[in-house]
Amino acid sequence: MIPSTISPLRSVAALWYVPLMMIGGGGTIVVLAPSRSLLIPVVLGVVIVISFGAEHLAPYQPDWNRDRGDRVRDIAHAIVNEVSTAISVAALPVLAQVTPNLSRWPDQLPFSLQVLLAVVVLDAGITIVHRLSHRWNWLWRFHAVHHSVRRLYGFNGLVKHPVHQAIETGVGMAPLVVLGVPRDVGAALAGLVVLQLLLQHSNVDYRVGGLRRWLALNQGHRLHHVGRVPEGDVNFGLFLLIWDRLLGTYEDPTDRNVDDGELGIAGRPDYPVRYVEQLSMPFRDVVPI
């Protein structure tokens with residue numbers, strides 16, 4: 001329940017941000033993917049603007065909206081990682097041809113259900129890699145780039161080392177490639193991933209009720225970015241929290257606030273901020289898990 005003292009604009013942003021992003025943005029992506037997938041980047045541009053606007057109308061932590069010398073770096077991460085994602089989607093037909101298909105993709109299903117199936121399969125693979133990235137030192141070296149952020153806002157979801165991005169995407173997409181996933185489903189999936197990363201790392205103090213226990217949205221994911229171990233080793237899912245429940249890594253975010261100073265890597269407060277330094281960091285230094 002939002003207190004009556006909160007401004008009307010803040011109340012609207014808090015209540016309608018997620019439905020607008022999921023139904024408006026996500027629904028538009030799914031509708032465009034089969035025939036007009038080239039327009040998906042335009043939709044993503046619009047939802048990014050909406051995301052930043054909502055973060056200023058209804059911030060969870062107002063100070064997280066302030067540039068801390070990381071904005072240019074975050075944009076660089078976003079450009080590099082999204083270009084690589086676009087290349088991966090374009091390569092799906094080629095990969096499908098050279099990969100033995102163990103089964104046939106259920107293309108007789110409505111397109112929206114095909115996309116939902118792809119989301120569930122991708123999410124399982126990404127959750128497993130994400131969990132292992134907190135256990136295996138060689139993976140953590142690359143994943144640490146993502147956990148080095150000191151504030152959470154929409155673009156943080158795209159702050160990833162390209163090596164980790166490739167591993168995570170590769171494992172998540174491998175079952176879909178083997179199943180012969182069509183390129184239009186892959187295009188919709190790629191757009192939804194970007195949308196979900198915006199929602200998951202958003203600085204909007206939005207409300208989703210009991211869905212916070214099942215969907216990997218910002219309230220649960222903020223716990224994952226707490227720098228203290230093992231407190232941050234929870235809620236690894238990208239889209240869903242069902243895999244965390246099965247793995248025993250789910251943590252209920254209800255009534256748990258995350259303060260500004262709790263983010264980052266506890267053992268490396270000096271982790272570099274600049275993009276090029278973050279790319280080289282896994283190859284030149286050990287970052288404690």
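What you see is a predicted model; the values in this text were computed from it and never measured.

## Thoughts on the side chain of His-130
Then, number 1: With respect to the helices and strands, His-130 occurs in helix α5 (residues 111-133).
Then, number 2: In this structure, His-130 is in contact with His-143, His-147, Glu-168, His-221, His-224 and Phe-236, ignoring residues within four places of it in sequence.

## Some thoughts on the packing of aromatic side chains
Given two aromatic rings, one states the distance between the centres and the angle between the planes to describe the pair.
Then, number 1: Tallied over the full model, the rule gives seven aromatic pairs.
Then, number 2: Each ring, one from Phe-142 and one from Phe-283, has its centre 5.4 Å from the other, and the planes form 75°; the classification is edge-to-face. Here Phe-142, found in helix α6 (residues 137-147), pairs with Phe-283, found in helix α11 (residues 275-284); they are 141 residues apart in sequence, far enough to count as distant.
Then, number 3: Since its relative accessible area comes to 10%, Phe-142 is described here as buried.
Then, number 4: Overall, Phe-283 belongs to the exposed group, its relative accessible area being 60%.
Then, number 5: Ring pairs connect the aromatic residues Phe-52, Tyr-153 and Phe-155, which therefore count as one cluster.
Then, number 6: Here Arg-222 stacks its cationic end above the ring of Tyr-60, 3.5 Å away from the centre of that ring.
Then, number 7: Its end group placed over the ring of Tyr-250, Arg-245 keeps NZ or CZ at 4.1 Å from the ring centre.

## Examining helix α7 (residues 162-178)
Then, number 1: Look at α7: 23 Å from first C-alpha to last across 17 residues, which is about the 24 Å you get at 1.5 Å a residue.
Then, number 2: A maximum bend of about 35° is found in α7 at Gly-172, where proline Pro-175 lies one to four positions downstream.
Then, number 3: Taken together, the buried positions of α7 are His-164, Gln-165, Glu-168, Gly-172, Met-173, Leu-176 and Val-177.

## Some remarks on the packing of helix α1 (residues 8-36) against helix α8 (residues 183-200)
Then, number 1: It is at 8 Å that the axes of α1 and α8 come closest, and there the two elements cross at 165°. Between α1 and α8, the angle falls in the class roughly antiparallel. As α1 packs across α8, the resulting crossing turns out to be right-handed. Side by side, α1 and α8 meet where Tyr-17, Val-18, Met-21, Met-22, Gly-25, Gly-26, Ile-29, Val-30, Ala-33 and Pro-34 of the first sit next to Asp-184, Ala-188, Gly-191, Leu-192, Leu-195, Leu-198 and Leu-199 of the second.

## Quick notes on empty space enclosed by the protein
Then, number 1: Tallying each qualifying case throughout the model produces one cavity of 30 Å³ or more.
Then, number 2: Here the largest cavity defines a volume of roughly 140 Å³.
Then, number 3: Taken together, 14 residues form the lining of the largest cavity, with His-130, Lys-160, Glu-168, Leu-197 and Gln-200 sitting closest to its centre.
Then, number 4: In terms of residue class, the lining of the largest cavity is built from four nonpolar, eight polar and two charged.

## Comments concerning the nonpolar core
Then, number 1: Counting residues in each nonpolar core, the largest one holds 50 residues, and the members touching the most others are Tyr-17, Val-115, Leu-122, Leu-176, Leu-192, Tyr-206 and Phe-239.
Then, number 2: Contributions of two or more residues to this core are made by α1, α2 (40-57), α3 (71-90), α5, α7 and α8.
Then, number 3: Ranked by residues supplied to this core, first place goes to α8 with 12 residues.
Then, number 4: If we ignore the near neighbours within four places in the chain, the residues touching Tyr-17 are Val-12, Ile-50, Ser-51, Ala-54, Leu-198, Leu-199, Ser-202, Val-204 and Tyr-206.
Then, number 5: The next biggest cluster of nonpolar side chains, apart from the first, holds 17 residues, and it includes Trp-64, Leu-152, Leu-223 and Tyr-271.

## A short note on the environment of Tyr-17
Then, number 1: Residue position: Tyr-17 is located in helix α1.
Then, number 2: In the structure, Tyr-17 is positioned 130 residues away from His-147 in sequence and 25 Å away in space, judged by C-alpha atoms.
Then, number 3: There is a polar contact of 3.1 Å between the side chain of Tyr-17 and the side chain of Ser-51.

## What about the pattern of salt bridges?
Then, number 1: Inspection of the entire model under this criterion finds 15 salt bridges.
Then, number 2: A salt bridge links Lys-160 to Glu-168; the nearest nitrogen and oxygen atoms lie 3.1 Å apart. Judged on exposure class, the residue Lys-160 and its partner Glu-168 are both buried.
Then, number 3: The closest approach of N and O atoms between Arg-256 and Glu-231, which form a salt bridge, is 2.6 Å. Of this pair, Arg-256 sits in the loop between α10 (242-247) and α11 while Glu-231 is found in the loop between α9 (218-224) and α10, placing the two residues 25 residues apart along the sequence.
Then, number 4: With relative accessibility at 23%, the residue Arg-256 sits in the partly exposed group.
Then, number 5: Residue Glu-231 is classed as partly exposed on the basis of its relative accessible area, which comes to 31%.
Then, number 6: What emerges from the salt-bridge pattern is a single network uniting Asp-63, Arg-66, Arg-68 and Asp-260.

What counts and how
- Residues numbered from 1 in each chain as written.
- Predicted model: local features only at pLDDT ≥ 70, side-chain atom pairs only at ≥ 80, totals over all residues.
- Heavy atoms only, no water.
- Helix = DSSP H or I, 4+ residues; strand = E, 2+ residues; numbered from the N terminus.
- Contact = heavy atoms within 4.5 Å.
- Phe/Tyr/Trp six-rings, centres within 6.5 Å; stacked < 30°, edge-to-face > 60°.
- Buried < 20%, exposed > 50% of the residue type's maximum accessible area, 1.4 Å probe, protein only.
- Lys NZ or Arg CZ within 6 Å of the ring centre and 35° of its normal.
- Expected span 1.5 Å × (residues − 1).
- Bend = angle between axes of the 7 residues up to and from the residue.
- Axes fitted to C-alpha atoms, helices over the stretch in contact; angles between N-to-C directions.
- Parallel < 35°, antiparallel > 145°, perpendicular 65-115°, else oblique.
- Left-handed = near helix turned anticlockwise from the far one by under 90°.
- 1 Å grid on protein atoms, 1.4 Å probe; cavity = no way out; pocket = protein on both sides within 12 Å on 5 of 7 lines; lining within 4 Å.
- Points joined across faces, edges and corners; volume = space filled by probe spheres on them.
- Nonpolar A, V, L, I, M, F, W, Y, C, P; charged D, E, K, R; others polar.
- Core = buried A, V, L, I, M, F, W, Y, C linked by side-chain atoms within 4.5 Å.
- Polar contact = N/O pair within 3.5 Å; in protein donor to acceptor, adjacent residues only side chain to side chain.
- Salt bridge = Lys/Arg side-chain N within 4 Å of Asp/Glu carboxyl O.

The quantities given are spatial measurements derived from coordinates; they are silent on function.
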